[in-house]
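Coordinate inspection notes
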Amino acid sequence: MSSLIQRKKPSEKPSPPPEELPPPDDDSQSKSSKSHKKPNEKVKWSCLDSCCWFIGCVCLTWWFLLFLYNAMPASFPQYVTEAITGPLPDPPGVKLKKEGLKAKHPVVFIPGIVTGGLELWEGKQCADGLFRKRLWGGTFGEVYKRPLCWVEHMSLDNETGLDPAGIRIRAVSGLVAADYFAPGYFVWAVLIANLAHIGYEEKNMYMAAYDWRLSFQNTEVRDQTLSRMKSNIELMVSTNGGKKAVIVPHSMGVLYFLHFMKWVEAPAPMGGGGGPDWCAKHIKAVMNIGGPFLGVPKAVAGLFSAEAKDVAVARAIAPGFLDTDIFRLQTLQHIMRMTRTWDSTMSMIPKGGDTIWGGLDWSPEKGHTCSGKKQKNNKTRGEAGENKTKPVNYGRIISFGKEVAEAPPSEIENIDFRGAVKGQSIPNNTCRDVWTEYHDMGIGGIKAIAEYKVYTADAVIDLLNYVAPKMMARGAAHFSYGIADDLDDPKYEHHRHWSNPLETKLPNAPEMEIYSLYGVGIPTERSYIYKLNQSPDSCIPFHIFTSAHEEDEESCLKAGVYNVDGDETVPVLSAGFMCAKAWRGKTRFNPSGIKTYIREYNHSPPANLLEGRGTQSGAHVDIMGNFALIEDIMRVATGGNGSDLGHDQVHSGIFDWSERIDLKL
């Protein structure tokens, strides 16, 4: 019995037959296979892994550099710069403080186009959460987050040139309105900081910010900006012991202040009612920086095809990118529609016509070469090495084709576009998504523009009236571009003439001084070669012809643009002519003989990256950090005059070019 119930030892338990073992599942197989991989077997590297690795390296490098930047002493960049270039000069504020100069005359800053901040006060639903946030200036974050909403809010009404229904955008107030355009990109900040060294503060410095999109008179109609400027200047003069103000306008702010000087003395309701001696009582000097007194050709390219040199080059590098419907956003088409609602842009259309800017066969700058040397002859460079540079017809602001730009006037056959019949047919129907006035021209009207072939300053006005009649109709109510035959004609009392120095008189203020301060030595856009664009992807039918290019270092033709001397935005002719000739001495434009001075600053780029934008720049905005310019302004603000500065300082051919202009004085 014991043998029957005897148990087997555990070790003797029989194994189940192989066929009865449960089959292993897939997971166990994969785990087993992974655990038995050979040591030399490579792991697969996916594209996603590469992207993550690259982003991680970029972020790590950025954080490391940011740590070093915040950890280093504030004087380290200056130390490195001085080690490379030698000791840096004292900033003007420090230098003049050592000389014992102190704040004396109140200073008023007038910013130009695009450099002043704009903030939202009322908007559509897409702009929720943006109350009093900057839509222009600052970080421009909303451009990337909600671009179509941003374009809608930055545009003005196409009929009135004022606010669209349900939208209110207003200028930022105070010195912060234009001290920096974006983080780290100064405009007025360097000048303000240097003035602070000698005792200036907000009680004797004032930023006359305004909505630079509006026509000049409409800034008064909507915001009473001109009235507030008048009141603030009067207050600053009275609270500073009767010392007159020094006005410092920049860029389009120069034209804005020209308008103000006529407005403030004109009787109400059109003017400010200050009387004919207001400027004489309140203004010591007007120190214009980079002033486009006679307009800029760059404005024509911007209004005609929503581009200038930089945009045209970008289009050439990436064909179709700016024209194609990318993420449902036709970039240049939206820019054109938006900027054509900004009436202020029409203030910078060239003034004075062919008399100032030249015709088919002449221009004041004839003989200029971009190497800085005067052209001696028109010979071609052969084996002997003579000058190969061809004469440039700067008076032809727009030419359709390089051959037309260089052809003798007798060989150019113009077909007048003014009577061409417009139609509704356009090459690209998808362009209807964003309306521009090109939609109303039709194919026939577009071809007529190209067949006219060449446009001088006189013809450019007719051209813009043809391609953008709504825009120019609004502009005609606020701006004028001619030359007055009789300045005593009552028609010139209308505000549309006040920002044109060729159609107005300076104030009766013989003790006042007017300065024109601007940079030279930088190639600046003067005229353009265009082509008719028939690409099915393009909604704008005309483009700068970037293939028109010459490699000769003395040639001024680069990427479809003829350049001349200037500050990269304003040609010397526009910035300097009024102070060099039209206002020099007693003339019909300057009956009281206000003294005028030209101060040119030769461009010198920064020696290294640590210098930032440099202290000797002549570029249109960077010149605001030019130590020599800042010192000139500060010396006048502390009581100096043109004689103390050394009278004129000229590096360009402005006096020679001015003499070639036959203008009745």
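What comes next is a walk through the structure. (Residues numbered from 1 in each chain as written. Predicted model: local features only at pLDDT ≥ 70, side-chain atom pairs only at ≥ 80, totals over all residues. Heavy atoms only, no water.)

For the rest of this paragraph, the subject is the packing of helix α6 (residues 147-154) against helix α14 (residues 331-339). For the pair α6 and α14, interaxial distance at closest approach is 9 Å and the crossing angle is 20 degrees. Classified by the angle their axes make, α6 and α14 are roughly parallel. Considering how the two elements wind past one another, α6 and α14 form a crossing that is left-handed. For the pair formed by α6 and α14, the contact residues are L148, W150, V151 and M154 on the first element and H334, R337 and M338 on the second. Grouping the constituent residues of the contact of α6 with α14 by class yields 5 nonpolar, 1 polar and 1 charged. (Axes fitted to C-alpha atoms, helices over the stretch in contact; angles between N-to-C directions. Helix = DSSP H or I, 4+ residues; strand = E, 2+ residues; numbered from the N terminus. Parallel < 35°, antiparallel > 145°, perpendicular 65-115°, else oblique. Left-handed = near helix turned anticlockwise from the far one by under 90°. Contact = heavy atoms within 4.5 Å. Nonpolar A, V, L, I, M, F, W, Y, C, P; charged D, E, K, R; others polar.)

Attention shifts here to unusual backbone geometry. Residues A268 and P269 are joined by a peptide bond in cis, for which omega reads 10 degrees. Within the secondary structure, P269 is located in the loop between α10 (252-265) and α11 (278-282). Positive phi, close to 55 degrees, is recorded for S251, a residue that is not glycine. For S251, the position within the fold is in the loop between β8 (245-249) and α10. On the basis of relative accessibility, which here comes to 8%, the residue S251 falls in the buried class. Even without glycine at this site, A306 takes up a positive phi of about 55 degrees. As for its position among the elements, A306 is in the loop between α12 (297-305) and α13 (309-317). (Buried < 20%, exposed > 50% of the residue type's maximum accessible area, 1.4 Å probe, protein only.)

Taken as a whole and assessed by the stated rule, the structure comprises 2 disulfides. For C370, the disulfide goes to C556, at an S-S distance of 2.2 Å. Measuring handedness by torsion sign, the sulfur bridge of C370 and C556 sits at about 125 degrees and is right-handed. Placement of C370 in the loop between α15 (353-357) and β12 (398-400) and of C556 in the loop between β16 (542-544) and β17 (557-558) is noted, with a sequence separation of 186 residues between them. In this structure C370 comes out as partly exposed when scored by relative accessible area, which is 27%. No disulfide involves C57; its sulfur sits 9.5 Å from the nearest other cysteine sulfur, which is in C59. (Disulfide = S-S within 2.5 Å.)

Summarising the element assignment, A193 is placed in helix α7 (residues 189-197). For the pair A193 and D179, spaced 14 residues apart in the sequence, the C-alpha separation amounts to 9.8 Å.

Now for the side chain of N500. Mapped onto the elements, N500 comes out in the loop between α19 (469-476) and β14 (513-520). Engagement of the side chain of N500 in a polar contact is seen with the backbone nitrogen of L502, the distance being 2.9 Å. Once residues lying within four places of it in the same chain are set aside, the contact partners of N500 are K351, S480, Y481 and G482. (Polar contact = N/O pair within 3.5 Å; in protein donor to acceptor, adjacent residues only side chain to side chain.)

Let us look at α7. Every buried residue of α7 is listed here: A189, L191, I192, N194 and L195. At the C-terminal side of α7, G199 shows a positive phi close to 110 degrees.

Turning to the sheet that holds strand β4 (residues 168-171), a few remarks are in order. Across the sheet, which stays open at both edges, the 3 strands sit in the order β3-β2-β4 with antiparallel pairing between neighbours. At either end of the open sheet lies a strand with only one pairing partner, and these are β3 (134-136) and β4. For this sheet, the mean inter-axis angle between neighbouring strands, taken without regard to orientation, is 45 degrees. Relative to β3, strand β2 (residues 118-122) runs antiparallel, the two sharing 2 bridges. Among the inter-strand pairings, E119 is bridged to a residue of β3, identified as R134. With respect to the sheet, α6 is in contact with β2, β3 and β4, its orientation differing from that of β3 by roughly 80 degrees. (Pairing = 2+ DSSP bridges.)

By the element assignment, T456 lies in the loop between β13 (454-455) and α18 (457-467). Excluding residues that lie within four positions of it along the chain, T456 makes contacts with D354, G358, G359, L360, G395 and I397.

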